[in-house]
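So the chains spell out like this:
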There are 2 protein chains.
Amino acid sequence: MTEQAGISIQQIVEKVWLSIAERRLRPGVQLKEGQMAAIFDVSRARIRQALAALEREGLVTIIPNRGAFVCQPTVDEARDVFTIRRSVEGRVVARIGASVTKADLARLRGHVAQERTANTNDATTDIIKLSGGFHLLLAEISGSDFLFGMMRDLISRTSLITAVYRNTARFNCGPDEHAEIVDAIAAGDLKKASGLMEHHLEHVESELDLREVRDMSHDLRAALA
Amino acid sequence: MTEQAGISIQQIVEKVWLSIAERRLRPGVQLKEGQMAAIFDVSRARIRQALAALEREGLVTIIPNRGAFVCQPTVDEARDVFTIRRSVEGRVVARIGASVTKADLARLRGHVAQERTANTNDATTDIIKLSGGFHLLLAEISGSDFLFGMMRDLISRTSLITAVYRNTARFNCGPDEHAEIVDAIAAGDLKKASGLMEHHLEHVESELDLREVRDMSHDLRAALA
DNA sequence: CATCCAAAAATTGTCTACAATATTTCGAGT
DNA sequence: ACTCGAAATATTGTAGACAATTTTTGGATG
């Protein structure tokens, strides 16, 4: 029953998130419950829960009696998210440095290795997932559930922002900068690690093209496939 | 039908939150959908949405196929929340200082005044709502939607933590410390304001009794009334 | 007497149907 | 021809019924 047949709520959320991150779903598009229920072949009840989850991740806005729409972050909001990220992730890195284990470092290095292979293979989907996953992994290792949850939020919103505002062909984070941060942590150089993280985030932000959005596609079925 | 008769989802959330903050609902208690539906005289669907909202606020934990339970924050998590709050609220105050208007200050002073009257009247419910509201108002004035949302989360969790761990009769925040912070902001002294905020949060944290929780009441109906 | 297993009860998860609201369409009036 | 308004359509919100899972209860067995 819980998974009697259809796709799970979390899978729906992930599909939508990916569609947004890959720019197949444009900001402002309405996510109609009926359409989505037909596309994923589940009842509207489950779609509703997925939409609620997407709302709390900051990817869609739900207007009562109107429906769910993909968020359109403003330029100010975009800058805001990066400002907060610099602050929060600086704290994450500092926290990690105090108590990092060999196993933690191995996980981080393994993750960066995955990012490299995805990058060389041009596996767009994997690149998107992994580049956010690195920052999430740092938060997890920091050991604070609250920081982890906050980073989840921030990364979701960053995905949306980069999807809307990026102008280059490449995606959020390069694995090289991630590797440098891991090295600094491994060396116990907290100050350097924090600095690298801040620089890394500035670099990502600097690649954004901060103009207003204009168009938006309407073919929900093609976007979610 | 949106509000055809019954209590709204947000009202349910607020009732539960208040019940937790006033210690009528103890950590670990299961919030059974059937009971709550009967108590509030709405269908389980609405209760489910309310529980999902409470989960994202960090007040309850939902275990699949098991149900929703009032969270039991550990001592570590409690300290964690206060650490983050010191960091985030320092940023909030700094942000405010740059762009505070006369109207903002009037709102802050008005809020503190409300707190004072609630305090002199021993209006417990109001005190709880207003003491968190002050910090939320600061976040709102800061102008960052994301900071506002984060503070919402942090304040919810703080309410739970103080409900569980407080040992004194008094509640979270005294209006006097709030008033001092407003004065510092009004004087344009950001450094002082940040320091006062940090001190204020340390003061609140210092009044907690950090031992393990043990008992938990079971009379859901009496608690939610 | 404790332990384990099966049946019964309770609880959660999902779906379908219906009610209320919002949007669109189409026509009347100026 | 354009604007305003009412019927028709479409979409969201809610309730209740059913299926699956979990928990409890009761008894049989070692």
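Conventions we followed
- Residues numbered from 1 in each chain as written.
- Chains lettered and ligands numbered in written order.
- Predicted model: local features only at pLDDT ≥ 70, side-chain atom pairs only at ≥ 80, totals over all residues.
- Heavy atoms only, no water.
- Axes fitted to C-alpha atoms, helices over the stretch in contact; angles between N-to-C directions.
- Helix = DSSP H or I, 4+ residues; strand = E, 2+ residues; numbered from the N terminus.
- Parallel < 35°, antiparallel > 145°, perpendicular 65-115°, else oblique.
- Left-handed = near helix turned anticlockwise from the far one by under 90°.
- Contact = heavy atoms within 4.5 Å.
- Buried area = accessible area lost by both parts, 1.4 Å probe.
- Salt bridge = Lys/Arg side-chain N within 4 Å of Asp/Glu carboxyl O.
- Polar contact = N/O pair within 3.5 Å; in protein donor to acceptor, adjacent residues only side chain to side chain.
- Least-squares fit on C-alpha atoms with pLDDT ≥ 70 in both.

*Asks:* I'm lost on the packing of helix α6 (residues 124–142) of chain A against helix α8 (residues 175–186) of chain A in this one. Help?
*Replies:* Two measures define how a pair of helices packs: the angle their axes make with one another and the distance between the axes. Residues and elements named next belong to chain A. Remark: α6 packs on α8, axes separated minimally by 11 Å, with the N-to-C direction vectors making an angle of 20 degrees. What the angle tells us is that α6 and α8 run roughly parallel. Like other packed secondary-structure pairs, α6 and α8 cross with a definite hand, here left-handed. Of α8, the residues touching α6 (which contributes Ser131, Phe134, His135 and Leu138) are His178, Val182 and Ile185.

*Asks:* Quick question: what am I supposed to make of the interface of chain A and chain B here?
*Replies:* Many descriptions give the size of an interface as the accessible area lost when the pieces come together. At the junction of the two partners, chain A supplies 20 residues and chain B supplies 20 residues. For the pair chain A and chain B, the summed buried surface comes to about 1,700 Å²; carbon and sulfur atoms form 52% of the total. If you look at where chain A meets chain B, you find two salt bridges. Here chain A and chain B share six residue pairs in polar contact (both at pLDDT 80 or more) between them. For the side of chain A that touches chain B, the elements supplying multiple residues, two or more each, are α3 (44–56), α4 (75–99) and α7 (145–165) of chain A.

*Asks:* Would you mind going over the relation of the copies chain A and chain B with me for this structure?
*Replies:* Mapping between the two copies of the chain is achieved by a rotation about an axis and a shift along the axis. Take chain A, turn it by 180 degrees, move it 0.2 Å along the axis, and it overlays chain B with an RMSD of 0.1 Å. Given the turn and translation reported, the copies of this chain are related as if by a two-fold rotation axis. A high fraction, 100%, of the interface residues of chain A reappear at the interface in chain B, so the copies pair face to face through one surface.

*Asks:* What am I meant to see in the packing of helix α5 (residues 102–120) of chain A against α8 of chain A here?
*Replies:* All names here are of chain A. Across the interface, α5 lies against α8 with an axial gap of 9 Å and an inter-helix angle of 165 degrees. Looking at the two axes, α5 sits roughly antiparallel to α8. Judged by the twist between their axes, the crossing of α5 over α8 is left-handed. The residues of α8 that touch α5, namely those facing Leu105, Leu108, Arg109, Val112, Glu115, Arg116 and Asn119, are Pro175, Asp176, His178, Ala179, Val182, Asp183, Ile185 and Ala186.

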